[in-house]
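# Per-entry structural report
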Amino acid sequence: MDVSDVEGDLEEVLIDEPTLNARVQELAAQIDRDYAERNVLMVGVLKGATVLMSDLMRAMHSHIDHDWMAVSSYGSGTKSSGVVRILKDLDTDVQGRHLLIVEDVLDSGLTLSWLLANLRSRQPASIEVLTLLRKPDAVKVEVPVKYVGFDIPNKFVVGYGLDYSQRYRNLKVVATLAPHVYGG
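Residues numbered from 1 in each chain as written. Predicted model: local features only at pLDDT ≥ 70, side-chain atom pairs only at ≥ 80, totals over all residues. Heavy atoms only, no water.

## A short note on the overall build of the chain
- Within the chain, the secondary structure is distributed over 4 helices and 9 strands.
- Starting at the N terminus, the α and β elements of the chain follow one another as β-α-β-α-β-β-β-α-β-β-β-β-α.
- In terms of overall dimensions, the chain is globule-like: its C-alpha atoms have a radius of gyration of 16 Å, near the 16 Å expected for 184 residues.
- Going through the 184 residues of the chain one by one, you find that 48% of them count as buried.
- Within the chain, counting contacts between residues at least 6 apart in sequence, those at least 24 apart form 66% of the total.
- When the accessible surface of the chain is totalled, it reaches about 9,000 Å², and 46% of it is carbon and sulfur.
- Computed over 19 positive and 26 negative side-chain charges, the separation of the two mean positions in the chain equals 4 Å. (Helix = DSSP H or I, 4+ residues; strand = E, 2+ residues; numbered from the N terminus. Rg over C-alpha atoms; globule rule 2.2 N^0.38 Å. Buried < 20%, exposed > 50% of the residue type's maximum accessible area, 1.4 Å probe, protein only. Contact = heavy atoms within 4.5 Å. Areas by Shrake-Rupley, 256 points an atom, 1.4 Å probe, with all protein chains shown as cover. Lys, Arg positive; Asp, Glu negative; His and termini not counted. Charge placed at Lys NZ, Arg CZ, Asp CG, Glu CD.)

## Details of the nonpolar core
- Counting residues in each nonpolar core, the largest one holds 30 residues, and the members touching the most others are Met-42, Leu-56, Leu-100, Val-102, Leu-130 and Leu-133.
- Listing elements by their share of this core, those giving two or more residues are α1 (17-34), β2 (40-46), α2 (50-59), β5 (98-106), β6 (126-134) and β7 (147-151).
- Per element, the largest residue contribution to this core is 5 residues, and it comes from α1.
- Beyond its immediate sequence surroundings of up to four residues, Leu-130 is in contact with Leu-27, Ile-31, Leu-52, Leu-56, Leu-100, Ile-101, Val-102, Glu-103 and Tyr-147.
- Listed in part, the 20 residues of the second largest apolar core include Val-94, Leu-99, Ile-101 and Leu-119. (Core = buried A, V, L, I, M, F, W, Y, C linked by side-chain atoms within 4.5 Å.)

## Thoughts on unusual backbone geometry
- A cis geometry characterises the amide bond from Leu-46 onward to Lys-47, with omega recorded as -5°.
- In this fold, Lys-47 is placed in the loop between β2 and α2.
- Even without being a glycine, Ser-165 presents a positive backbone phi close to 50°.
- The backbone phi angle of Gln-166 is positive, close to 70°, even though this residue is not glycine.
- Residue placement: Gln-166 occurs in the loop between β8 (157-158) and β9 (174-177).

## Regarding α2
- Looking at α2, one finds that the buried residues are Leu-52, Met-53, Asp-55, Leu-56 and Ala-59. Seen along its axis, α2 keeps its buried residues to an arc of 165°; they face one direction. (Arc of directions from axis to C-beta.)

## Side note on the environment of Leu-56
- Tracing the backbone through its elements, the reader meets Leu-56 in helix α2.
- What Leu-56 contacts, discounting residues up to four positions off in sequence, is Val-24, Leu-27, Ala-28, Ile-31, Met-42, Val-102 and Leu-130.

## Looking at the sheet that holds β9
- Strand order in the open sheet made by the 3 strands is β1-β9-β8, with antiparallel pairing throughout. Lying at the two open borders of the sheet, with one neighbouring strand each, are β1 (10-15) and β8.
- Alignment of β8 against β9, held across 2 bridges, turns out to be antiparallel. Directly across from Val-158, in β9, lies its bridge partner Ala-175. (Pairing = 2+ DSSP bridges.)

## Details of the packing of aromatic side chains
- One pass over the structure, following the stated rule, counts 3 aromatic pairs.
- Between Phe-156 and Tyr-164, the aromatic rings sit 6.0 Å apart at their centres with planes inclined by 85°, giving edge-to-face as the arrangement.
- Taking relative accessible area as the criterion, Phe-156 reaches 18% and is therefore assigned buried.
- Assessed through its relative accessible area of 16%, Tyr-164 is described here as buried.
- With a centroid separation of 6.1 Å and 55° between ring planes, the pair formed by Phe-156 and Tyr-182 is classed as tilted. Within this pair, whereas Phe-156 is found in the loop between β7 and β8, its partner Tyr-182 is found in helix α4 (residues 179-182), the two being separated by 26 residues in sequence.
- Aromatic rings pair up to connect Phe-156, Tyr-164 and Tyr-182 into one cluster. (Phe/Tyr/Trp six-rings, centres within 6.5 Å; stacked < 30°, edge-to-face > 60°.)

Dropping the structure here:
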């Protein structure tokens, strides 16, 4: 989906397609270097990380394993509810594995902090986090993140896997949604 397809719904494009693609290539190269001697299990956090994880895997030159986990602290709104639920657990046993959590956006840190604690209890060999977007002004809980795509303002964003009510995930950019769309 191009910006022109939903132009009236967007307020501002924060990250354009070429910039996203270039940063994903850089992150993939860094992961290839960092995990050169280890078999990494990439754990994508559904649904927002699907586009990022797909592009990362295609950009990498090393073999990787991957799995998906769905956790939620959002309803249909734009703010975290603070209550975390597992909607889909991993199919893979992570004990002794090197995990790389792939997340779309880190805002409050509450959900990711909970997820990390949950996964650490399963005794992986190591666990690191990659997030495409980080909102430094929204952080309530510090979460160690090894790989950050972009720091962005504390605004509600859509595109490149991020949605509002299951829409805009296939937008090729990251943009702020116009308030009239979500009643803001």
